[in-house]
Amino acid sequence: RAKQRGKGKYAIFDPIMHSQVVERLQMENDLRHALDNQEFILNYQPIVNLESSVIEGFEALIRWQHPKKGLISPFKFISITEEMGLIIPLGQWILKTGCQQLSTWQKQFNYPLKLSINLSVKQLNNSLITTLDEILSEYEILPNTLSLEITESMLIENLESTFYLLHQVKERNISISIDDFGTGYSCFSYLHRLPVDILKIDRSFVHNLEFNHHNQLITESIIVLSKSIGMSVIAEGVEAVEQKNWLKQHGCSWGQGYFFSPPLLPLQATMVLEKGSYQEYINNKQI
Ligand code: C2E
Ligand code: MG
Ligand code: MG
Ligand code: MG
């Protein structure tokens with residue numbers, strides 16, 4: 001219809017665009033109430049020691065349980081909460097909820113289980129330090145069992161102030177992970193100057209690892225690099241036993257992915273810890 005009106009003229013009413021705008025406004029409206037309505041939930045995906053197969057930690061992954069639309073992925077709403085500024089209270093909720101759960105688990109199972117929590121770039125300011133101090137005084141957790149995940153692009157965006165902030169995090173003995181490592185700028189020259197403890201190999205490299213020579217070269221380089229600068233390395237997106245074996249043979253210490261377990265509800269995660277491994281949990285449920 002817009003075309004019929006000729007060049008240089010715009011359609012006044014585009015039904016598709018209109019419905020997208022309405023949907024977006026609706027989403028923002030719903031998000032405004034979602035925290036108060038307790039519609040967010042953290043799932044926990046095991047991080048497994050490749051040598052011993054023991055679950056040594058979890059990554060907290062947020063989901064939105066929309067009352068009408070069902071479960072919504074973080075890909076669909078995190079960026080909107082960032083634009084709305086809602087990521088600040090939401091990010092605080094994520095940190096507190098995750099750490100409360102971690103403290104419960106550490107007491108229940110009496111070992112230094114770890115938890116990794118994703119940060120948004122918008123959370124990289126001084127209020128993060130305030131929140132972390134509140135958490136450390138409120139919940140009994142060993143600070144070095146908590147790790148904050150950031151991406152390379154978040155580092156690049158504001159290197160100076162991020163550098164300063166990360167050092168404040170480290171002063172509190174909290175660990176720092178680089179998520180999706182290898183997909184960003186991977187500026188090796190800055191890495192050793194940052195107080196980073198863990199590199200998480202992006203799942204795009206782990207995918208097809210057993211067949212793809214290119215991915216093998218990249219993955220091996222990251223493992224060697226991380227060891228040479230004294231960092232730990234976790235492979236993301238491990239889906240097959242061949243990938244797990246390749247990683248183990250090439251000196252990668254930890255793995256995370258559907259091969260071990262999908263992200264779990266808190267209660268499922270507790271049951272997995274009780275059983276010692278996800279496989280045992282599944283076997284016992286006779287699925
Ligand atoms: P991420 O931090 O890289 O998280 C890993 C994603 O890979 C998760 O998706 C996880 O469910 C998925 N995954 C795990 N194992 C496998 C596997 O074997 N194969 C495949 N194909 N995928 C696997 P999810 O939960 O949808 O989260 C997507 C992204 O949303 C996360 O990527 C993270 O960047 C962001 N996100 C999740 N939770 C939070 C949060 O609490 N705060 C913030 N700021 N971002 C979050
Ligand atoms: Mg992550
Ligand atoms: Mg990742
Ligand atoms: Mg990510």
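So, a few notes on the structure that sits alongside this text. None of these values were measured; they are calculated from a predicted model.

1. Focus on the environment of E236
For step 1, the next point in the chain: Note that E236 resides in the loop between strand 8 (232-235) and helix 10 (241-249).
For step 2, the next point in the chain: The residues contacting E236, other than those within four sequence positions of it, are E59, D179, D180, K200, I201, D202, R203, V206 and Q256.
For step 3, the next point in the chain: Reaching out from E236, the side chain makes a polar contact with the backbone nitrogen of D180 at a distance of 3.5 Å.

2. A short note on the nonpolar core
For step 1, the next point in the chain: Of all hydrophobic cores here, the largest spans 73 residues; its most connected members are F58, F77, I117, L148, L199 and L247.
For step 2, the next point in the chain: Counting residues per element, this core draws most heavily on helix 3 (residues 87-109), at eight residues.
For step 3, the next point in the chain: Discounting residues that sit within four places of it in the chain, L148 has contacts with L95, I117, L119, L132, V169, I174, S175, I176 and S177.

3. Observations regarding the coordination of the magnesium ion (ligand 2)
For step 1, the next point in the chain: Coordination of the magnesium ion (ligand 2) by the protein is provided by E59 (OE), N118 (OD1), E149 (OE) and D179 (OD), with metal-donor distances spanning 2.0 to 2.3 Å.
For step 2, the next point in the chain: Counting the intervening residues between successive donors of the magnesium ion (ligand 2) yields the motif E-x58-N-x30-E-x29-D.
For step 3, the next point in the chain: On the accessibility criterion, E59 (3% relative accessible area) is buried.

4. Some thoughts on the side chain of S103
For step 1, the next point in the chain: By secondary structure assignment, the location of S103 is in helix 3.
For step 2, the next point in the chain: Of the residues examined, S103 reaches a relative accessible area of 6% and is grouped as buried.
For step 3, the next point in the chain: Not counting residues up to four positions away in its chain, the partners in contact with S103 are Y139, E140 and I141.

5. A word on the packing of aromatic side chains
For step 1, the next point in the chain: For the structure shown, the criterion picks out eight aromatic pairs.
For step 2, the next point in the chain: Ring plane angle 75° and centroid distance 6.2 Å describe the contact between Y44 and F58, whose orientation is recorded as edge-to-face. You can see Y44 sitting in strand 1 (residues 40-49) and its partner F58 sitting in strand 2 (residues 55-66), a full 14 residues away along the chain. Across this residue pair, the class does not change: Y44 and F58 are buried.

6. Digging into the packing of helix 3 against helix 11 (residues 266-275)
For step 1, the next point in the chain: Between helix 3 and helix 11, the shortest axis-to-axis distance is 12 Å and the interhelical angle comes to 25°. Between helix 3 and helix 11, the angle is such that the two are roughly parallel. Crossing geometry of helix 3 relative to helix 11 is assigned as right-handed. Facing Q101, W105, Q108 and F109 of helix 3, the residues of helix 11 in contact are P266, A269, T270, L273 and E274.

7. Re the site of ligand 1
For step 1, the next point in the chain: Around ligand 1, 23 residues are found, and the nearest of them are R63, D179, R203, E239 and Y258.
For step 2, the next point in the chain: A distance of 3.0 Å is found between an oxygen atom of ligand 1 and a side-chain nitrogen or oxygen belonging to E59.
For step 3, the next point in the chain: E239 places a side-chain nitrogen or oxygen 2.5 Å from a nitrogen atom of ligand 1.
For step 4, the next point in the chain: About the coverage of ligand 1: the protein hides 86% of its 800 Å² of free accessible area.
For step 5, the next point in the chain: Judged by the fraction of its atoms near the pocket grid, ligand 1 is located in the largest pocket.
For step 6, the next point in the chain: Going through the elements one at a time, strand 2, helix 2 (74-84) and strand 6 (175-181) are the ones with two or more residues in the shell around ligand 1.
For step 7, the next point in the chain: Element by element, the count of residues in the shell around ligand 1 is highest for strand 2, at four residues.

The rules we used
Residues numbered from 1 in each chain as written. Chains lettered and ligands numbered in written order. Predicted model: local features only at pLDDT ≥ 70, side-chain atom pairs only at ≥ 80, totals over all residues. Heavy atoms only, no water. Helix = DSSP H or I, 4+ residues; strand = E, 2+ residues; numbered from the N terminus. Contact = heavy atoms within 4.5 Å. Polar contact = N/O pair within 3.5 Å; in protein donor to acceptor, adjacent residues only side chain to side chain. Core = buried A, V, L, I, M, F, W, Y, C linked by side-chain atoms within 4.5 Å. Buried < 20%, exposed > 50% of the residue type's maximum accessible area, 1.4 Å probe, protein only. Donors = N, O, S within 2.8 Å, 3.2 Å for Na, K, Ca; no water. Phe/Tyr/Trp six-rings, centres within 6.5 Å; stacked < 30°, edge-to-face > 60°. Axes fitted to C-alpha atoms, helices over the stretch in contact; angles between N-to-C directions. Parallel < 35°, antiparallel > 145°, perpendicular 65-115°, else oblique. Left-handed = near helix turned anticlockwise from the far one by under 90°. Near = heavy atom within 4 Å. Areas by Shrake-Rupley, 256 points an atom, 1.4 Å probe, with all protein chains shown as cover. 1 Å grid on protein atoms, 1.4 Å probe; cavity = no way out; pocket = protein on both sides within 12 Å on 5 of 7 lines; lining within 4 Å. Sits in = over half its atoms within 2 Å of the grid points.

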